[in-house]
Amino acid sequence: MGLTKSFSLTTLVLTASAVSWNATPFNPASVPLAVRSPYLSAWLPQGAGTALNGAWPQFWTGSTLGWAGYIRVDSATYTFLGDPVVAGAESAVQKSLEFTSTQSIFVMTAGPVDINVNFLSPVEPTDILKQSIPFSYLALSAVSNDGGSHTVSVYTDISAEWVSGDDSLTVNWTTTTGNILTHQVMLENQELYTEYSNHIQQGAAYYSTPNSSSVTYQTGQDAIVRAQFINNGVLANTGDTNFRAVSDNWPVFAFAHDLGTVSTTATVPVLYTVGHVRDPAIQYIVANDVYQPRSIYFWSAYTSVADLIYDFIGNYSTALGRAQAFDQKVQSDASTISSRYAGVVALSVRQAFGALELTLSKNGDGSWNTDNILMFLKEISSDGNVNTVDVIMPAWPIILYTNPTLGKYLLLGLLEYQATGQYPNAWAAHDLGSSYPNATGHNAGNDEAMPLEVPVLSECGNMLIMALSYTQRSNDISLITQYTDLLHQWTGYLVAEALIPANQISTDDFAGALANQTNLAIKGVIGIQAMSVISGILGDTVNQQNYSSIVQSYVPQILDYATSSDGLHLTLNYGNESSWGLSYNLYADKLLGTNVFPESVYDKQTAWYATVVNTYGVPLDTRHTYTKSDWESWTAAIMTNATTRDMFIDCVYKYAADGESNQPLGDWYETLDGAVYGFRARPVVGGHLALAKACFMNGGMTTGHILSRKTFLEPSSTEISAL
């Protein structure tokens, strides 16, 4: 495994892929373009150096989402977005790429004019109405780069690929005019709550722009519509009414804007919005095996999609201002660790929030029940489950950092379902449904194949840890008050099973089942202690003391079973002397401030990991050489010196910037060469925010820990020069 005795920056040279443009903070494998929900998820497969006009945008799965852009400068036309092949256009040259937590900004040179292309996917965690809106912005502005004046017009279109995973299916479309121009495209035959290749087969895509005398539109075959703009600089204001399959002469839905004369002052941005709306959005199991239809929360404020689009476009300037403020806060907070950490965090934010949907139900009279808010998470790219507990848990830091109340909305669906008594098992459910967007429960108790394929101990610990951390961060005791019986039930399971974990999988089910896993025992006892704290909050001193005494009994036994004979590290599983793994579950002890494990354990693990790092990180455990970026981030947060903490961060950064992949950031990868395993675009990258002080009780770690300092360590001059 190429073990080393020590780690320094000289042993890990951080080299991002070589590209011909300026990339800030680095050049990622895939650039988020329009990422707001599991079904509005458009990315540029950038790889080792593909420009914005060098490939088609893709859905997170890798399927094409037709999104084309041209700029006409004087009499010459240049492609700036997508990879359309139509005679008469040449390619603009990408000059720069910058991404933040909410924006991806490209500057493209089209002869004597530069075009600024800004993709903004707002992240509005403290405003659930705005956060629920499944729309994204594209803003274009142009400026002369040669000091002269030029006649400029711009064009963009989307294809029908945005509404289905099956290109053979028939779509229809409409174009509405007025103050806002909107193309709407949808499948002719809708299938409620049904996916095909992870695309929802329900609802409609909307492409809109403000109307004016300088705007033209057209729908029709891709080559014909694009050639109209290339040859004339305007569109025909006509609609194709020959509804057909997505791939039958590829219908596209286009707008063109005449910018007039462009000089050395940048033009006012031309604005487009793209979105995908379906209703109802989720079916959720309630008492008596009844399925409740739920709608995206924004419907509580709008009676039509047209009204929503009108407001969304009108609010662009303020939305951009809020996004810039959010970006700056994330950048500032993460930079107190290092600039590399800030880059990884920025890439992770839209991806994490892009798996979430905020919903509400209706009252009996048909009015919206705004008190009944549930948030649903799609387990993107792995199982496609609904509200998978062992996906929510690794993503939990971004929820705590941005708005703990969102965590309540995530947990409520799981708690409410299990409180109905329909889930038959004694342990916490793995998820709310096997196939998003169907949160239809598991009344047969078969959430995953039995018996080894359910991380039962892990899920019980996860639910208890998240319930307490939400309570601590929000000062809201409603969850722990209402669902006390469930929490006690799961704690009882941990009391029986945590000390000597049975042969079962952990959160990392792909690694396989294993008996006596140290990391599971760690999570189990922290979960028990979490219930002790919960009991104390609720004034139940008997259970508070009982659970605490059990933990005090278990911890020394676990450390005795799990410490290697040389005392240098914890083992992966009891008695396996040569084994070890990332003890990321210790993070919960620091997160909650429960102090179950002595500081010597953290010191021991910190020293050990510095000796077993590979080129791209520390392996998840000794069974394999792969790792997980979320768990590396969790582990980094519990290191007791900055050198080892930064070792983990630098490894994740190197992997994210290595140019070896062209898919949305995968959390599971090989530490020897940075190769990606099967996952992509998963929300667990929210775990990359594990080092944020805002996640922790009282805003920091316990005394003596590296993260307990008033501010995080600033990067050293050596680190800065290595960037």
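Every value quoted in this text rests on a predicted model; they were computed, and no experiment measured them.

Rules used in this analysis
- Residues numbered from 1 in each chain as written.
- Predicted model: local features only at pLDDT ≥ 70, side-chain atom pairs only at ≥ 80, totals over all residues.
- Heavy atoms only, no water.
- Core = buried A, V, L, I, M, F, W, Y, C linked by side-chain atoms within 4.5 Å.
- Buried < 20%, exposed > 50% of the residue type's maximum accessible area, 1.4 Å probe, protein only.
- Helix = DSSP H or I, 4+ residues; strand = E, 2+ residues; numbered from the N terminus.
- Contact = heavy atoms within 4.5 Å.
- Pairing = 2+ DSSP bridges.
- pLDDT = per-residue confidence, 0-100.
- Salt bridge = Lys/Arg side-chain N within 4 Å of Asp/Glu carboxyl O.
- 1 Å grid on protein atoms, 1.4 Å probe; cavity = no way out; pocket = protein on both sides within 12 Å on 5 of 7 lines; lining within 4 Å.
- Points joined across faces, edges and corners; volume = space filled by probe spheres on them.
- Nonpolar A, V, L, I, M, F, W, Y, C, P; charged D, E, K, R; others polar.
- Phe/Tyr/Trp six-rings, centres within 6.5 Å; stacked < 30°, edge-to-face > 60°.
- Axes fitted to C-alpha atoms, helices over the stretch in contact; angles between N-to-C directions.
- Parallel < 35°, antiparallel > 145°, perpendicular 65-115°, else oblique.
- Left-handed = near helix turned anticlockwise from the far one by under 90°.
- Lys, Arg positive; Asp, Glu negative; His and termini not counted.
- Polar contact = N/O pair within 3.5 Å; in protein donor to acceptor, adjacent residues only side chain to side chain.
- Expected span 1.5 Å × (residues − 1).

Side chains of nonpolar character tend, in soluble globular proteins, to be buried together. Counting residues in hydrophobic clusters, the biggest one holds 224 residues, and the most contacted among them are Trp-67, Ile-71, Phe-106, Val-117 and Phe-597. Of all the elements, helix α8 (residues 456-474) adds the most residues to this core, at ten residues. Residues contacting Ile-71, with those up to four places away along its chain left out, are Ala-76, Thr-77, Tyr-78, Phe-80, Ala-110, Val-113, Ile-115, Val-152, Ser-153 and Val-154. With ten residues, the next largest nonpolar core counts Tyr-70, Val-225, Leu-235 and Ala-254 among its residues.

Quick look at the sheet that holds strand β23 (residues 290-296) now. Read from one edge of the open sheet, five strands run β25-β24-β23-β22-β26, paired in mixed fashion. The sheet terminates laterally at β25 (368-377) and β26 (438-439), the two strands that pair on one side only. Summarising the sheet, β23 and strand β24 (residues 356-362) pair through two bridges and their orientation is antiparallel. Directly across from Ile-296, in β24, lies its bridge partner Thr-359.

Attention now goes to the environment of Leu-44. Among the secondary structure elements, Leu-44 is positioned in strand β3 (residues 40-45). Of the residues examined, Leu-44 reaches a relative accessible area of 0% and is grouped as buried. Filtering out sequence-adjacent residues up to four positions away, Leu-44 remains in contact with Ala-29, Ser-30, Val-31, Leu-33, Thr-50, Ala-51, Leu-52, Ala-55 and Phe-106.

Low pLDDT means the predicted coordinates in that region are not meant to be read closely. Residues at a pLDDT of 70 or more form 92% of the protein chain, whose mean pLDDT is 92. Note that residues 1-17 has pLDDT below 50 and, in this model, 42 contacts with residues that lie over four places away or in other chains. Taken together, the stretch residues 699-723 has pLDDT below 50 and engages in 59 contacts with residues farther than four places along the chain or on a different chain.

With that out of the way, let us pick up the pattern of salt bridges. Following the criterion strictly, the structure yields 18 salt bridges and no others. Notably, a salt bridge pairs Lys-590 with Glu-599, separated by 2.9 Å at the nearest N-O pair. Among the charged side chains, a network of salt bridges with common partners joins Glu-379, Lys-628, Asp-630, Asp-667 and Arg-682.

This brings us to unusual backbone geometry. Note that the residue after Asp-279, namely Pro-280, is joined by a cis bond; omega there is -5°. Of note, the amide linkage connecting Tyr-436 to Pro-437 takes the cis form, showing an omega dihedral of 5°. Located in the positive-phi region is Asn-516, a residue other than glycine, with phi close to 60°. Along the chain, Asn-516 falls in the loop between α10 (484-497) and α11 (518-537). Using a relative accessible area of 23% as the deciding quantity, one classes Asn-516 as partly exposed. A positive phi angle is found at Ala-681, which is not glycine, with a value near 60°. Structurally, Ala-681 can be placed in the loop between β28 (668-670) and α17 (717-722).

Most of strand β21 (residues 270-277) sits inside the fold, with eight of its eight residues counted as buried. Side chains of β21 alternate between two faces, with Val-270, Tyr-272, Val-274 and His-276 and Leu-271, Thr-273, Gly-275 and Val-277 buried alike. Strand direction decides the pairing type here: strand β11 (residues 135-144) and β21, joined by six bridges, are antiparallel. Across the sheet, Phe-135 pairs through a bridge with Gly-275, a residue of β21. Relative to β21, strand β17 (residues 204-210) runs antiparallel, the two being bridged by five bridges. Its bridge partner being in β21, Ala-205 is matched across the sheet by His-276.

Moving on to the layout of surface pockets. Sizing a probe to match a water molecule and rolling it over the atoms shows the empty space that remains. Here the second largest pocket is characterised by a volume of approximately 200 Å³. Together, Thr-176, Thr-177, Gly-178, Asn-179, Ile-180, Thr-182, Gln-184, Tyr-206, Val-305, Ala-306, Ile-309 and Tyr-310 line the second largest pocket. With four residues, helix α3 (residues 305-314) is the single largest residue contributor to the lining of the second largest pocket. A breakdown of the residues in the lining of the second largest pocket according to their chemical character gives six nonpolar, six polar and no charged.

Here we take up the packing of aromatic side chains. Given two aromatic rings, their pairing is described by the distance between the two centres and the angle made by the two planes. A full pass over the atoms with the stated rule returns 34 aromatic pairs. Ring centres of Phe-106 and Phe-119 lie 5.9 Å apart, and the angle between their planes is 85°; on these two criteria the pair is classed as edge-to-face. With a gap of 13 residues between them, Phe-106 in strand β9 (residues 103-110) and Phe-119 in strand β10 (residues 113-120) connect regions that are remote in the sequence. Just as Phe-106 is buried, Phe-119 falls in that class too. Ring centres of Tyr-137 and Tyr-316 lie 4.9 Å apart, and the angle between their planes is 65°; this geometry places the pair in the edge-to-face category. Separated by 179 residues along the polypeptide, Tyr-137 in strand β11 and Tyr-316 in helix α4 (residues 316-335) bring together distant segments of the chain. With relative accessibility at 2%, the residue Tyr-137 sits in the buried group. In this structure Tyr-316 comes out as buried when scored by relative accessible area, which is 10%. An aromatic cluster is defined as three or more aromatic residues linked by ring pairs; in this entry it consists of Phe-135, Tyr-137, Tyr-206, Phe-312 and Tyr-316.

Interaxial distance between α8 and α10 falls to 9 Å at its minimum, and their mutual angle equals 130°. Judged on the interaxial angle alone, α10 and α8 are oblique. α8 and α10 meet at a crossing whose hand is left-handed. From α8, Val-456, Leu-457, Cys-460, Gly-461, Met-463, Leu-464 and Ala-467 reach across to α10, where they touch Leu-487, Trp-490, Thr-491, Tyr-493, Leu-494 and Glu-497. Its residues assigned to classes, the contact of α8 with α10 comprises ten nonpolar, two polar and one charged.

Among the structural elements, Glu-670 can be located in strand β28. Despite being buried, Glu-670 has no salt bridge partner; Lys-654 is the closest side chain of opposite charge, sitting 12 Å away. Among the polar contacts made by the side chain of Glu-670, one reaches the side chain of Thr-625 at a distance of 2.6 Å.

Relative to the 27 Å expected for 19 residues at 1.5 Å per residue, α8 spans 27 Å between its end C-alpha atoms, a close match to the ideal helical length. By the criterion of burial, α8 is predominantly enclosed, with 17 of the 19 residues buried. Directly beyond the C-terminal end of α8, a positive phi value near 60° is found at Asn-475.

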